[in-house]
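A look at the structure
Residue strings, one per chain:
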Amino acid sequence: MEPATTNAPIDAADLLHSDGYFPKTLEPKWQQHWLESGQYAVDTKNTPANKKYYALSMFPYPSGRLHMGHVRNYTISDVIARIKKMQGYSVLHPMGWDSFGLPAENAAMERNIHPKKWTYSNIDNMRQQLQRLGLMVDWDREVMTCRDDYYRWTQWMFSYLYERGLAYKKEADVNWCRQCDTVLANEQVEDGLCWRHGTPVERKALNQWYLKTTAYADKLLTNLETLKGWPEKVKLMQGNWIGKSHGAKLTFGVKSHEGVEIPVYTTRPDTIFGVTAMVLAPEHPLVEQLTTDAQRDAVTAYRESARLKTEMERTATDKAKTGVPIGAMAINPFNKAEVPIWIADYALLDYGTGAVMMVPAHDERDWAFAKSFDIPVVPVISESGAMVEHPEDVYTGPGKLINSGQFDGQDNDAAKQAITQFAEEGGFGESTTQYRLRDWLVSRQRFWGCPIPIVYCQKCGEVAVPQDQLPVQLPEDVDFKPEGGSPLKQLSSFKDTTCPTCNGPAQRETDTLDTFMCSSWYYLRYLDPHNTEQPFDPEIIKHWMPVDQYVGGVEHAILHLMYSRFFMMALHDGDWTATDEPFANLLTQGMVLKDGTKMSKSKGNVVDPDEIFELYGADTARFFILSDSPPQVDFDWKDTAVEGCYRFLQKVWRRIINTTAAIDFTLPAPKYAELSGDARALYQATHGFVAGITEDFGNDFHFNTMMSKLREWQAALSKYPAGDTPDGVYSHSVKLFLQLLAPMTPHMAEELWVKLKGEGSVNAQPWPTADKAALVADEVNMAVQVNGKLRQTLTVAPDTDKAAIEAAARADDKVATYLTAGTVRKVIVVPGRLINFVVN
């Protein structure tokens, strides 16, 4: 909800002289006090598991400056953390830096400085900005993924996976971005373009390191059902990316090549009799062997053109179909039909078996391909089972089999099982399950990343660096002008080493790890950040994990979240954790827009958080960022709305400061039963707000409605007589108001709390509990209906019985005129809501 504002815009001079509320002065004072006093320090080693609460926002990349998306993200998790702390939990709300990555290396090349210097400078600046925001962070737990006391344990993680057979090296075609000058994982290619630069991605053959995420494909999928606190759209995205399918692997022979077999995976074994061609991926190892001399030049040229295309380009459904025959014929094991073998770029070597059986009559892509190259079309399913000679279009619906030999007449769904069973009995097929998910490519040909802890020895081969020799440190003396590979390759002082097994000469791996590897376990290091013997104490992890509330952008739904889940499952299998999922609840916050579009420098619509802090204060920024809309949806930044929030905080300040003499927090709590008049009404309103705000917080963090209730509460306080009465209702209401305001505007609430001589810190007070008696209204309004039409409104006590309600309604002159016009046949009374007279 946008705060109402009708006044002229505020200028800087007004802000500095507005009734004693000086955020520029009071906010730094409290930030320094919280930091120096260790008020937000947490002892993770001695906290009972049932009283812990781990609130976490996705840590930022240190680009140099916060943007308003950061402000929203970290304010949301901060308010959650503060309220949970007030509700009695021991709360951990840490912060760190995802500080390896290509931007730092590019900046180093542009500025001729080491990326470490650029990164650390950015961290210092952004840390100050986050502290200005007033976050409840235990800064003693700060982690930086680029610091060797962190990446030492990232290397340990790699070694742990390597020892368990989950890290391996192979040569394969990879996604290559010329501008990044490095490899990209499949998940980092978006519509054929680099996720970071938007530049075209090509394919390149390299020897690379992979993590075997496919080993957990089924668990990654089935566990999604247990994540009750995750948005359905995120679970759907992950489920689609994993892409589990059930089908059959069928084996085709090759004419004139005895012993050569081509296995094909298909989810449609019911269409096997409709196969009229076989398609191999251009990279398929059989292509070279099976290509005839007459087709070799065409095949070679096509393979080269396919190599330059990205996977997205090759599999796009709207592109023109291309391909060439290789001159060989495949043999269908069911009917011995001979069909031509083609290569086409839409077939991928690392999906399925790298071979596709073409059934033009019942697959839209195959239909288009067949029509382009005059390949026969043989229908094998019709809706009714009637024969179809010359289909005019592809048919993908259900039906009965035709042209399928002994399986004719069967429903196609039933035929899938029957045909698969026939293949199994014949020794040329089997039922199988396939996943779209592929192993995670983690090699990067860059400097500013975590070195891979592997050496290569001529005698011992591939050897993992032992734990007591970690970390493998990044060197300081490096040339930041790589051409087609890691600059570490040119640095003999790094590359040349000794084998940890035989002490003979060896060479280090010069690739570094994908930065997503660093961010896949950071939430565990926060729990034990100073441990020098192991990445973390498993007992601490078993107490504190999973993260109770994770907050971040939906753009990380596949990459970061999937990889973190993989890490947690692998660690759980080694008994390092008690749970195999890292995040119990996930909130994906919406973007902060300006003028209806995403903020960007090129559009000139960026709002600088520092300018907002300087002009209005961090509390105003926090209040506005929470006020506009639910955290899960986008909201549009409006300068006038920010000013409205600042004016609201001014009103709060002035009202409390001007009535300080009437406020005494040492007064005993009012006794509701003894109150009357304005005092009773304010007490009822106060506890209604407490109940409502508490409910809104528990209902998916509806901060915007919480802010609305705080505005209504402030209005109720302003209307109350300035002088408090001995019953202490005004003091009681102000006290609870500040306690509930504190998580949203911690600086101002702390300052007012101290001025009013409140005990301790307002941010350390317990979360108020509503007086249930005060939530029952003294009077309720009931609709009085005659034949279902509203004729009057009746005010009664909430516990008035039905007979008394009917008597009061009959006694009303207006109602009586309708009742005397006929005969009352029936009276329906719903206590607290309505009474209806049925008259005829």
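A few points on the structure. (Residues numbered from 1 in each chain as written. Predicted model: local features only at pLDDT ≥ 70, side-chain atom pairs only at ≥ 80, totals over all residues. Heavy atoms only, no water.)

**Let's talk about the overall build of the protein**
Helices and strands together make up the secondary structure of the protein, namely 27 helices and 34 strands. Each of the three principal axes of the protein carries a C-alpha extent, and together these read 105 × 85 × 50 Å. In the protein, the proportion of contacts linking residues at least 24 apart, taken out of those at least 6 apart, comes to 72%. Taken as a whole, the protein presents about 36,000 Å² of accessible surface, with 49% of it coming from carbon and sulfur. Charge separation in the protein, taken as the distance between the mean sites of 85 positive and 108 negative side-chain charges, equals 3 Å. (Helix = DSSP H or I, 4+ residues; strand = E, 2+ residues; numbered from the N terminus. Contact = heavy atoms within 4.5 Å. Areas by Shrake-Rupley, 256 points an atom, 1.4 Å probe, with all protein chains shown as cover. Lys, Arg positive; Asp, Glu negative; His and termini not counted. Charge placed at Lys NZ, Arg CZ, Asp CG, Glu CD.)

**What about the sheet that holds strand 6 (residues 182–184)?**
Ordered in space as 6-5-9-19, the 4 strands form an open sheet in which the pairing is antiparallel. Looking along the sheet, the strands with just one partner apiece sit at the ends: strand 6 and strand 19 (440–441). Pairing between strand 9 (residues 201–211) and strand 19: 2 bridges, direction antiparallel. Bridge pairing in strand 19 links L211 to W440. Those strands touched by helix 6 (residues 148–163) are strand 5 (167–177) and strand 9, and its axis lies near 80° from that of strand 9. (Pairing = 2+ DSSP bridges. Axes fitted to C-alpha atoms, helices over the stretch in contact; angles between N-to-C directions.)

**Looking at empty space enclosed by the protein**
Over the atoms rolls a probe the size of a water molecule, and in doing so it shows where empty space is left. Under the criterion given, the structure shown has 1 cavity of 30 Å³ or more. Counted as a void, the largest cavity has a volume near 150 Å³. Every residue lining the largest cavity is counted, 16 residues in all, and those nearest its centre are G101, L102, R196, R444 and T515. Taken together, the elements giving at least two residues each to the lining of the largest cavity come down to strand 6 and strand 25 (512–513). If you tally residues by element for the lining of the largest cavity, the top one is strand 6, at 3 residues. When grouped by side-chain class, the residues that make up the lining of the largest cavity number 6 nonpolar, 6 polar and 4 charged. (1 Å grid on protein atoms, 1.4 Å probe; cavity = no way out; pocket = protein on both sides within 12 Å on 5 of 7 lines; lining within 4 Å. Points joined across faces, edges and corners; volume = space filled by probe spheres on them. Nonpolar A, V, L, I, M, F, W, Y, C, P; charged D, E, K, R; others polar.)

**Structural notes on the packing of aromatic side chains**
In the structure shown here, the tally under the stated rule is 48 aromatic pairs. Note on Y150 and W521: the rings are 4.6 Å apart at their centroids and 20° apart in plane angle, and the pair reads as stacked. Taken together, the residues span a long stretch of sequence, with Y150 in helix 6 and W521 in the loop between helix 15 (515–518) and helix 16 (522–525) at a distance of 371 residues. Judged by its relative accessible area of 1%, Y150 falls in the buried class. Relative accessible area serves as the criterion here: at 0%, W521 is assigned to the buried category. Between the aromatic rings of W713 and F737, the centroid separation amounts to 5.4 Å while the plane-to-plane angle is 80°, which identifies the pairing as edge-to-face. Of this pair, W713 sits in helix 23 (residues 703–719) while F737 sits in helix 24 (residues 729–741), and the two are 24 residues apart along the sequence. (Phe/Tyr/Trp six-rings, centres within 6.5 Å; stacked < 30°, edge-to-face > 60°. Buried < 20%, exposed > 50% of the residue type's maximum accessible area, 1.4 Å probe, protein only.)

**Comments concerning the sheet that holds strand 33 (residues 824–830)**
Read from one edge to the other, the open sheet built from 4 strands follows the order 32-31-34-33, with strand pairing classed as mixed. Since the sheet does not close on itself, it has two edges, and those belong to strand 32 (789–796) and strand 33, each with one partner. Across the sheet, the axes of successive neighbouring strands diverge by a mean angle of 20°, strand direction being ignored. Contacts between helix 26 (residues 802–811) and the sheet are confined to strand 31 (780–786), strand 32, strand 33 and strand 34 (834–839), with strand 34 contributing the most and set at about 65° to the helix.

**With respect to the layout of surface pockets**
Computed from the structure, the second largest pocket encloses a volume of approximately 1,200 Å³. Surrounding the second largest pocket, 41 residues form its lining, T315, Y346, Y351, V356 and R365 being those nearest its centre. Taken together, the elements giving at least two residues each to the lining of the second largest pocket come down to helix 8 (232–242), strand 11 (261–266), helix 11 (311–315), strand 15 (355–358) and helix 12 (364–373). Among the elements that make up the lining of the second largest pocket, the one with the highest residue count is helix 11 (4 residues). When grouped by side-chain class, the residues that make up the lining of the second largest pocket number 15 nonpolar, 14 polar and 12 charged.

**Looking at the pattern of salt bridges**
Tallied over the full model, the rule gives 40 salt bridges. Note that K52 and D548 form a salt bridge whose closest N and O atoms lie 2.7 Å from each other. Of this pair, K52 sits in strand 1 (residues 52–57) while D548 is found in the loop between helix 17 (538–544) and strand 26 (549–552), placing the two residues 496 residues apart along the sequence. Both residues of the pair, K52 and D548, belong to the buried class. With its nearest N and O atoms 2.8 Å apart, the salt bridge here joins D78 to R82. With D78 and R82 both in helix 3 (residues 68–86) and 4 residues apart, the pair spans about one turn of that helix. Of the two residues, D78 and R82, neither departs from the other in class, the shared state being buried. Among the charged side chains, a salt-bridge network with shared partners connects K24, R65, R132, D608, D610 and E614. (Salt bridge = Lys/Arg side-chain N within 4 Å of Asp/Glu carboxyl O.)

**Considerations on the nonpolar core**
Looking at soluble globular proteins, one finds that nonpolar side chains tend to be buried together. With 179 residues, the main nonpolar core has Y523, W637 and L738 as its most contacted residues. A per-element tally of this core places helix 18 (residues 559–573) first, with 10 residues. When neighbours within four sequence positions are excluded, L738 is seen to be in contact with I656, F665, A749, L752, W753, L756 and V762. (Core = buried A, V, L, I, M, F, W, Y, C linked by side-chain atoms within 4.5 Å.)

**Quick notes on the pairing of strand 26**
In strand 26, alternate side chains face the same way, and those of Q549 and V551 on one face and Y550 and G552 on the other are all buried. Judged from the 3 bridges that link them, strand 1 and strand 26 form a sheet pairing that is parallel. By the bridge assignment, S57 is partnered in strand 26 with V551. As paired elements, strand 26 and strand 27 (residues 586–588) share 3 bridges and run parallel to each other. Bridging from a neighbouring strand, V551 pairs with L587 of strand 27.

**Observations concerning the state of the cysteines**
Scanning the model with the defined rule gives 0 disulfides in all. Considering cysteine sulfurs only, C518 is the nearest to C146, which forms no disulfide, with 9.2 Å between them. (Disulfide = S-S within 2.5 Å.)

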